[in-house]
Amino acid sequence: MTEEHPPLRANEISWFLLTTLPIETPQECLHVIDIYTKRWLIETFFKTLKTGCGVEKCRLESAGKVEVYLSLMSVIAWWLLYLQQLSRKPDLAIDIKEIFDETEFRVLKAHGLKNETSLEEAVEVMCRLAKYKKFKKTDRPGIYSIWLGWLALQHALEVLEPFDLARYVGSR
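Quick caveat: nothing in here was measured; it's all calculated off a predicted structure. Starting from 1, residues in each chain are numbered consecutively following that chain's sequence as written. A pLDDT threshold of at least 70 governs which residues receive local features in this predicted model, and a stricter bar of 80 or more applies before side-chain atom pairs are shown or counted, although totals over entire chains, interfaces and linings include all residues. The side-chain values count all of the structure's non-hydrogen atoms but skip hydrogen atoms and water molecules.

Q: I keep staring at helix α1 (residues 26-52) and nothing clicks. Help me out?
A: In an α-helix, one turn spans 3.6 residues, which is why side chains three or four residues apart end up on the same side. Taking 1.5 Å per residue as the helical rise, α1 with its 27 residues ought to reach 39 Å, and the 39 Å between its terminal C-alpha atoms agrees with that figure. Only protein chains enter the accessibility calculation, which uses a 1.4 Å probe; a residue whose area is less than 20% of its type maximum is buried, one above 50% is exposed, and one in between is partly exposed. Under the DSSP-based scheme used, a helix requires at least four consecutive residues in state H or I and a strand at least two consecutive residues in state E, with every element numbered from the N terminus. For α1, the complete set of buried residues consists of V32, I33, T44, F45, T48, L49 and G52. One or two steps after α1, the chain reaches G54, where phi turns positive at roughly 65°. In this scheme, a helix's expected span is set at 1.5 Å multiplied by one less than its residue total.

Q: Help me out: how do you make sense of the state of the cysteines in this one?
A: By definition, a disulfide links the sulfur atoms of two cysteines through a covalent bond. The disulfide criterion is simple: two cysteine sulfur atoms within 2.5 Å. Throughout the structure, instances matching the rule amount to zero disulfides. Unpaired in this structure, C127 has its nearest cysteine sulfur neighbour in C53, at a distance of 15 Å.

Q: How do you make sense of the side chain of Q84 when you look at a structure like this?
A: Among the structural elements, Q84 can be located in helix α2 (residues 63-87). The class of Q84 is buried, set by a relative accessible area of 6%. Pairs of N or O atoms are called polar contacts if they sit within 3.5 Å, as long as, within protein, a hydrogen donor faces a hydrogen acceptor (for residues adjacent in sequence, only side-chain-to-side-chain pairs). One polar contact links Q84 to Q85, side chain to side chain, over a distance of 3.5 Å. Contacts are residue-level and defined by heavy atoms, with any inter-residue pair within 4.5 Å sufficient. In this structure Q84 touches T44, P141, G142, I143 and I146, once residues within four positions along its chain are discounted.

Structure, rendered in structure tokens:
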């Protein structure tokens, strides 16, 4: 197989894929390729669970507690991976207010979000909360930077929570 559309200024990649699945038609070949292309996403999900969520550091002693912990961390890892994938598709018309709630949106705006319709920019601003630095114009935050940015956003929300509560109580 050969990569049809390599990234700008990159050489195309060719590789030989071995499989135990039967391949007798071009459609079966494309099916195997489609299965293989999902491998990297799955690898990234587990990297997010291990590196970002730190599930290997979990020291819970009962199977039930580990199951609950892994369930919660899997949802967080999935959300962060989903956020990364969506932010890398600028042609999708996504309302970022559907992704971030009102307070999260205010934090991102306060930290430099200019284009209120760009999920790519919103994710980058979120990552900058955790000191992410973009070195080249084409750089995009990786999953670990997104994890750290999301944690920093959660900490900012914790700081703001008493003030938002006071405003809510004061408006009644």
